[in-house]
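So you can see what is in the structure, the chains are spelled out below.
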Amino acid sequence: KTATSQEYVGSSAPSNIASGSQRAFPLASSYYKKHQLLRKNGCRNIPSRCCFPRVCASTTTIPADKKRVTVVGGTGYIGKFVVKELANRGYDVTAIVRERSGVGSKTSLDDVMKEFPEGVKVIAGDVTDKGKLDAVMPETDVVVSCLASRTGGIQDSWLIDYEATKNSMNSGKEKGATQFVLLSAICVQKPLLEFQRAKLRFEEELMNSGLDYSIVRPTAFFKSLAGQIDNVKNGGPYVMFGDGELAACKPISERDLASYMAECITDPSLQNKLLPIGGPGEALTPLQQSEMLFKAAGVPPNTIKVPIQIMDGAIWLFDQLAKVFKNLEDAAEFAKIGRYYAAESMLMLDDEGQYNSEITPSYGNDTLQDFFENSIKYGLKGQELGDQAVFGINKKE
């Protein structure tokens, strides 16, 4: 398995991408609610009327061999759901975590153990130090990495997205791992940012490691679209860049993404491939997202459209200052990150280099509309961006 023999799983894919996953369509409300109740009660045989994609958690049985799975980054936003999903499927799960984690490092090991299902082993370890990681890495069959840079800054990106993830791969391999499941990001296909370059470098090393691998590249998470919910709910405007048609995505819930990552362990069709993946339904532009949110909040539309050129000016200024003041290099990078997510779609690129929703695979059943409605009704607890919030937006202390 080499970097030159990489494969994709996609739907209606261009010639250089292997086809496979079917697209999921939005579920009717009654079927959606019925499915959630069935899944909650452990039902494995869900009616086909629910329009599920080809790969679905509902078809998975408890693994007979009870593989040993070690998760790094298990206290992150997605990592917590991955740990719970793996434990619920019957795997022997170990989570290697920081001594103190979470927003503002306020979560202790005891807090983490209380949050995870019974039977999950929680070990304190430093993934940025190979020697310290080797000392705590258990004998394992599979390593699942949900590590991601906490800030997107230049040094932190290479420390976490490359070095720490590579340490986890090598340490796990030395303890018997034959498989590695990586949480990456779909945006690495157009690498303009430092964290994207760091992720790509590790992806290449993983593909040449001799391990069976699954490189999961999700689109936007629900949490990344939650930053304006409270403002709109309280009568404020929805802010978007350009005409509101930039930066389309097929957002996926943390629960569905965790399920997909767990499938990679047992489904051969998801192994030794690059796996771009989005949520169910069609791609949504910021303008369409705002319409969903206004409807969920029961308020009249109120949008502010900001020219994207404003961000270009800020980036130029920070770049000039960073040439003189090295401590501003990360500030310049943060400006570039903000601009990237304001203008670039989180969809697959086709052969012509255009973002294409039709070839971006879908998975799962949770919809953004339901997420907005639930967030308006019940609040955003648990949806904080935490340390990974750019500019501190939606960061709860």
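The model shown is predicted, which means the values in this text are computed figures rather than measured ones. (Residues numbered from 1 in each chain as written. Predicted model: local features only at pLDDT ≥ 70, side-chain atom pairs only at ≥ 80, totals over all residues. Heavy atoms only, no water.)

Caption draft 1: Focus on the overall build of the protein chain. For the protein chain, the count of helices and strands is twelve helices and eleven strands. Out of the 397 residues in the protein chain, the part that is buried amounts to 52%. Considering only residue pairs separated by 6 or more positions, the protein chain has 77% of its internal contacts joining residues 24 or more positions apart. Surface summary for the protein chain: the accessible area is close to 17,500 Å², and the carbon and sulfur share equals 52%. (Helix = DSSP H or I, 4+ residues; strand = E, 2+ residues; numbered from the N terminus. Buried < 20%, exposed > 50% of the residue type's maximum accessible area, 1.4 Å probe, protein only. Contact = heavy atoms within 4.5 Å. Areas by Shrake-Rupley, 256 points an atom, 1.4 Å probe, with all protein chains shown as cover.)

Caption draft 2: Structural context of the side chain of Gln369. Among the secondary structure elements, Gln369 is positioned in helix α12 (residues 368-378). By relative accessible area, which is 19% here, Gln369 ends up buried. Residue contacts for Gln369: discarding those within four places in its chain leaves Met292 and Ala296.

Caption draft 3: Broad picture of α12. Those residues of α12 that sit buried are Leu368, Gln369, Asp370, Phe371, Phe372, Ser375 and Ile376. Backbone geometry just downstream of α12 places Gly379 in the positive-phi region, at approximately 95 degrees.

Caption draft 4: Highlighting the pattern of salt bridges. Evaluation of the coordinates by the stated rule reveals 19 salt bridges. Linking Arg339 and Asp312 is a salt bridge whose minimum nitrogen-to-oxygen distance equals 2.8 Å. A residue pair is termed long-range when its members are at least 10 positions apart, and Arg339 in helix α11 (residues 329-343) and Asp312 in helix α10 (residues 309-324) qualify at 27 residues. With its nearest N and O atoms 3.3 Å apart, the salt bridge here joins Asp319 to Lys336. One end of the pair, Asp319, is in helix α10; the other, Lys336, is in helix α11, and 17 residues separate them in sequence. The exposure class of Lys336 is partly exposed, given its relative accessible area of 28%. Each of the salt bridges in this network shares a partner with another, and the network as a whole consists of Lys80, Lys84 and Glu115. (Salt bridge = Lys/Arg side-chain N within 4 Å of Asp/Glu carboxyl O.)

Caption draft 5: Inspection of the sheet that holds strand β2 (residues 92-97) at higher detail. The strand order β3-β2-β1-β4-β5-β6-β8 describes an open sheet built from seven strands, whose pairing is parallel. Sheet topology places β3 (121-124) and β8 (273-277) at the edges, where each strand pairs with a single neighbour. On average, each strand axis in the sheet is tilted by 20 degrees relative to the strand beside it, whichever way the strands run. Bridging between strand β5 (residues 179-183) and strand β6 (residues 212-218) involves five bridges; their strand directions are parallel. Across the sheet, residue Gln179 finds its bridge partner in β6, namely Asp212. Where helix α8 (residues 254-266) meets the sheet, it contacts β1 (68-72), β4 (142-145), β5, β6 and β8, and its direction lies at approximately 160 degrees from that of β5. (Pairing = 2+ DSSP bridges. Axes fitted to C-alpha atoms, helices over the stretch in contact; angles between N-to-C directions.)

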